[in-house]
Amino acid sequence: MKQTLSILLLLCLAMPLQAQSVLTGSVRSAESRQPVEFANVALFRSDSLLVGGAATDGRGRFRLAGIAAGRYALRVSCIGFQTAWLELQCAAGTADLGEITLTPESQRLDEALVQAASLRKTDRLLVYPSTQQLKFSANGFDLLYNLKLHRLWVDPLSQSVEIPGGGAVGFCINGKPAELSDVSALPAGDILRVEYIDRPGLRYKGYEVVLNYILKAKENGGTLLAEAASTLRYTYGGNLGGNFHHKHSEFGFNYGYNYAAHFMMDKHYKREKYFRNDTLLLAREWESREKQGSPRDHGGKLYYAHYRANRHYFNAALRLKRVMQPTRIAVGDIVTQGSPDTTRKEEREAQDYYIPSLELYYDRHLPAGQFLALNLVGTYTTNNNQTGFINRDGSDTLARSFTRKETDRLSWIGEAYYEKQGRRLQFTAGLKDAWSDTRNHYRSPADSRQRVKENLAEAWAGISLRSGKWDTRFQAGMYSQYVNENGHTRWDWSYNLQFQLNYALNDHSSLSLREWVGREYPAWDDLDATLVQTDDLLWSRGNPAAKPYTSWQNKLDYHLQKPKFTLSISAFYGHEFHPFCGEFTYDDGKFILATANQKAFHQLTLTASLQVKLWKNYLALQIMPLFYYNLDKGNTYTHRNTSLSYLGAIMGQYKNWQLTVQARNEFKMLYGEQITYAQAMDLLKLAYRHNHWLFGFVFGEMLGRDYSNMKTGYVSRHYQSYECYSHRDKVVMLNISFTLPFGNKKASGKQQLNNTDADNGILRPML
């Protein structure tokens, strides 16, 4: 029900009709007295014609300029609050409307009628989930699956999120980058909204899309979450987490595990051809079954936070990740073309590593719209990796290799972030330094040691200007890389320039153009010249002579948001000058996959995403067609690749039941000489909600197609291959979740930063 307030603010009858007014004010919650962010402020004439509008900032403030003198009606609305109306008499000059309060809206009895909502803000789409979407979501990953955001493919079987056509997806919780496992540990009831950042700047360098989960703050109370999942014959896993709030302090923990049954078996098929001087030297096929022990993956976090709203925030978090991968054995027969004999091959792989880390974070709100954040993360990594193979002809050993590598690494990341917010102008800047000391001990085949010290220093700044329907942003960054490998030093620098131009066509649609150019340098492990044997004929190594390369990207987006449907269209073109990627060579009887600077890489991607509400909030449809073309120009090759794909899903929900069917066809991407396939798949998910319990059933490959984990290949003139891993049977997954919220929530969220170190020797380029 609309709340009508009559306020007479200014009376100046002598002013001419063409005099201009400026209206300012702030919006707060009548219950919690907290600022209401992203409230919609709209001004109407007496004949109901819309004159202007604005959205409140992080402090609940708004400003409307260029208003002619006269009588108006001001509407203030926001998801979760009752709409407020004010009658105004405006004259020339600046008028401060003061504080406008919104009353929280009580939950409707018919929850199925509560719709999801999306709002556009410059670089991101603010998505407020509906009651039904939250109802059938146990955690943040489930909610993302139910939201069906454009350009994203969410797979509940593999628990993965990807962008068809390429590009990395980053995750944040209250503004701080996080892993997907952290998102899976978030209770869905604690999520206020999801910010879909599809126009990320240098703050999120390296990601095509960033998903930021904004949580509801609590005064007292918390949430407990317990979840267990099983693919019956294959894997078992789950999460246990909780957070507790008291006054200005918060305590929290989460623990996740994944366990694979020892009888888990996959089908492995590989077809390969070797060429020498453009003549076929050897062609063979290998089909095997894989058997492994019981892999175990454990991860947990303990954290403490102390905060005062709009003043400061402190967070300390201790994390630990442990992965134990017992020996995996793949055994099968190799059939060689033109030979009646078969040989037998065994591949073995084992891994054991753990990563403890400590994070300290502090931010503070300063006067005049300023914000400062400091972040420090220390990480220690230890990893024991063993790989090998044996080729046999009867009892005779034809070829054999065994590699054992022990790694210890100590790293730390420090960062400072500054922001100055004005009425139309925003300035941001960041400094970051990442340092690591890695010691590799190769115990076999030859005892050798490698020590690598790496330091990455970054500095960037950006400025944004808002003017009417236009929003312009420019960012520039400088980066420095220092690598010392066994006393040999390498130093390089790079830069990134990004320009974005956004235009709001109307209240429902917008256009965005992004231009990006930067200089990329290879990671230190790509520079490692250590020759490693991976097969009886195949070897691999890095290239110390590799040089940085320049990348240029262009992207044009169109977004249309209507109550009944949402349409997004994107066109992307990228050109890499002398990119750094793999190339096969033949040397002294060895086929070697070595990295090198190639001539050029071109990519063109056209995507569209259509979400339609077929019947209120009970039935929805999503369709995503995708066209991909790329041209690879190497030093010794030229490859072209074209793919046309589709992704689709239909979701129905009624009362306590939800049914989703989604499918995709096969899709392939080519970079350098390696082909990566996105496997065709289809699945059905059925969910049932009962009070605090949520039961889910997922059925994969209903149409009889194999559910493949990975399909790859190479198209070199020296080596061609096609490799596929697939499960033996159809996949059925059972998921049970229990969520127990307690205490009072506030409709607000806390922003912060975070840094983590990956396990592959490359420091993550996020924040």
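Residues numbered from 1 in each chain as written. Predicted model: local features only at pLDDT ≥ 70, side-chain atom pairs only at ≥ 80, totals over all residues. Heavy atoms only, no water.

### Quick look at the overall build of the protein chain
- Within the protein chain, the regular secondary structure consists of 4 helices and 48 strands.
- For the protein chain, buried positions account for 51% of its 767 residues.
- Within the protein chain, counting contacts between residues at least 6 apart in sequence, those at least 24 apart form 63% of the total. (Helix = DSSP H or I, 4+ residues; strand = E, 2+ residues; numbered from the N terminus. Buried < 20%, exposed > 50% of the residue type's maximum accessible area, 1.4 Å probe, protein only. Contact = heavy atoms within 4.5 Å.)

### Overview of unusual backbone geometry
- Phi at Asp278 is positive, roughly 60°, even though this residue is not glycine.
- Looking at the element boundaries, Asp278 is found in the loop between β20 (265–276) and β21 (279–292).
- Non-glycine residue Ala368 carries a positive phi angle of around 60°.
- Following the sequence through the fold, Ala368 ends up in the loop between β24 (342–366) and β25 (370–393).

### Some thoughts on the pattern of salt bridges
- With the rule as written, the count across this model stands at 27 salt bridges.
- Between Glu162 and Arg664 there is a salt bridge; the shortest N-O distance is 3.4 Å. With Glu162 in strand β12 (residues 160–162) and Arg664 in strand β41 (residues 657–664), the pair connects residues that are 502 residues apart, well separated along the chain.
- According to the relative accessible area criterion, Glu162 is partly exposed, its value standing at 29%.
- One salt bridge connects Arg490 with Asp492, and the closest N-O pair in it is separated by 3.2 Å. Asp492 shares its class with Arg490; the two are buried.
- Taken together, the shared-partner salt bridges in this structure form one network comprising Lys270, Glu272, Arg284, Lys345, Glu347 and Asp535. (Salt bridge = Lys/Arg side-chain N within 4 Å of Asp/Glu carboxyl O.)

### Overview of the packing of aromatic side chains
- Counted according to the given criterion, the structure contains 26 aromatic pairs.
- When the centroid spacing of 6.1 Å and the interplanar angle of 55° are considered together, the rings of Tyr618 and Tyr654 count as tilted. Of the two residues, Tyr618 is situated in the loop between β38 (600–615) and β39 (619–633) and Tyr654 in strand β40 (residues 638–654); the sequence distance between them amounts to 36 residues.
- By relative accessible area, Tyr654 is classed as partly exposed at 48%.
- Among the aromatic side chains, those forming a connected cluster through ring pairs are Tyr274, Phe584, Tyr586, Phe591, Tyr714 and Tyr719. (Phe/Tyr/Trp six-rings, centres within 6.5 Å; stacked < 30°, edge-to-face > 60°.)

### Focus: the side chain of Thr223
- Inspection of the secondary structure puts Thr223 in strand β17 (residues 217–230).
- You can call Thr223 buried: its relative accessible area is 1%.
- Side-chain polar atoms of Thr223 contact the side chain of Asp190, separated by 3.0 Å. (Polar contact = N/O pair within 3.5 Å; in protein donor to acceptor, adjacent residues only side chain to side chain.)

### Concerning the side chain of Asn502
- Relative to the elements of secondary structure, Asn502 occurs in strand β30 (residues 488–504).
- At 3.3 Å, the side chain of Asn502 forms a polar contact with the side chain of Arg199.

### With respect to the sheet that holds strand β33 (residues 538–541)
- One open sheet accounts for 4 strands, arranged β32-β33-β37-β36; its pairing is mixed. Of all the strands in the sheet, the pair left with one neighbour each is β32 (532–533) and β36 (580–587).
- Here 8 bridges tie β36 to strand β37 (residues 590–597), and the two strands are oriented antiparallel to one another. Of the residues in β37, the one forming a bridge with Tyr586 is Phe591. (Pairing = 2+ DSSP bridges.)

### With respect to the nonpolar core
- Membership of the largest hydrophobic core comes to 35 residues, with the highest contact counts inside it found for Leu144, Leu149, Leu152, Val161, Phe171, Leu211 and Tyr213.
- Looking at this core, the elements that each hand over two or more residues are β10 (124–128), α2 (140–147), β11 (153–155), β13 (169–173), α3 (180–184), β15 (191–197), β16 (209–215) and β44 (681–690).
- Excluding anything up to four places from it in sequence, Leu211 contacts Leu144, Leu149, Leu152, Val169, Gly170, Phe171, Cys172, Glu195 and Tyr196.
- The next biggest cluster of nonpolar side chains, apart from the first, holds 23 residues, and it includes Ala39, Val41, Phe81 and Leu97. (Core = buried A, V, L, I, M, F, W, Y, C linked by side-chain atoms within 4.5 Å.)

### Brief notes about a nonpolar patch on the surface
- On the surface, a nonpolar cluster with roughly 850 Å² of combined accessible area is contributed by Leu302, Phe314, Leu318, Leu358, Leu360, Tyr362, Leu372, Leu374, Leu376 and Trp412.
- At the level of elements, β23 (312–336), β24 and β25 are the ones that each hand at least two residues to the nonpolar patch.
- By the element assignment, Leu358 lies in strand β24. (Patch = residues over 30% accessible without salt bridge, like charges linked within 9 Å, V, L, I, M, F, W, Y side chains within 5 Å. Areas by Shrake-Rupley, 256 points an atom, 1.4 Å probe, with all protein chains shown as cover.)

### Some thoughts on the confidence of the model for the protein chain
- Overall, the predicted model of the protein chain reaches an average pLDDT of 81, with 87% of residues at or above 70.
- For the protein chain, the element scoring lowest by mean pLDDT is strand β1 (residues 3–6), at 40; strand β35 (residues 565–577) scores highest, at 93.
- Segment residues 1–19: pLDDT under 50, and 32 contacts once partners within four positions in sequence are set aside and those in other chains are kept.
- Ignoring residues within four places in sequence, the model shows residues 746–767, a span with pLDDT below 50, making 98 contacts including any to other chains. (pLDDT = per-residue confidence, 0-100.)

### Comments concerning the environment of Glu162
- C-alpha of Glu162 to C-alpha of Leu152: the two residues are 10 residues apart in sequence and 5.9 Å apart in space.
- Apart from the residues within four sequence positions on either side, Glu162 is in contact with Arg151, Leu152, Trp153, Val169 and Arg664.
- At 3.4 Å, the side chain of Glu162 and the side chain of Arg664 are in polar contact.

### Some points on the environment of Asp525
- Tracing the chain through its elements places Asp525 in helix α4 (residues 524–527).
- Separated by 17 residues in the primary sequence, Asp525 and Gly542 have C-alpha atoms spaced 7.1 Å apart.

### Describing α2
- By the criterion of burial, α2 is predominantly enclosed, with 8 of the 8 residues buried.
- Where α2 is concerned, the buried positions are Gly140, Phe141, Asp142, Leu143, Leu144, Tyr145, Asn146 and Leu147.
- In this structure Asn139 caps α2, since a side-chain oxygen of it lies 3.0 Å from the backbone nitrogen of Phe141.
- Where α2 ends, the next residue or the one after it, Lys148, has phi of about 50°, a positive value.

### Digging into the pairing of strand β45 (residues 693–700)
- Side chains Leu694, Gly696, Val698 and Gly700 of β45 all project onto a buried face; the interleaved residues Trp693, Phe695, Phe697 and Phe699 project onto a face where none is buried.
- In the sheet, β44 pairs with β45 via 8 bridges, with the strands oriented antiparallel. Within β45, the residue paired with Leu686 across the bridge is Phe697.
- What sits between β44 and β45 in their antiparallel hairpin is a turn of 2 residues, with Asn691 showing a positive phi close to 55°.

### Points about the pairing of β16
- The buried count for β16 comes to 7 of 7 residues, which makes it a mostly enclosed element.
- Burial along β16 is two-sided: the residues Val209, Leu211, Tyr213 and Leu215 and Val210, Asn212 and Ile214 are all buried.
- With 5 bridges joining them, β13 and β16 adopt parallel strand pairing. Bridge pairing links Gly170 to Val210 in β16.
- When β15 meets β16, the two strands line up antiparallel, connected through 6 bridges.

### With respect to the environment of Ala39
- Along the chain, the position of Ala39 falls in the loop between β2 (20–29) and β3 (40–45).
- Residue classification places Ala39 among the buried residues on the basis of a relative accessible area of 0%.
- In this structure the C-alpha to C-alpha distance between Ala39 and Phe81, which are 42 residues apart in sequence, comes to 9.5 Å.
- Apart from the residues within four sequence positions on either side, Ala39 is in contact with Val27, Ala54, Ala55, Thr56, Ser77 and Cys78.

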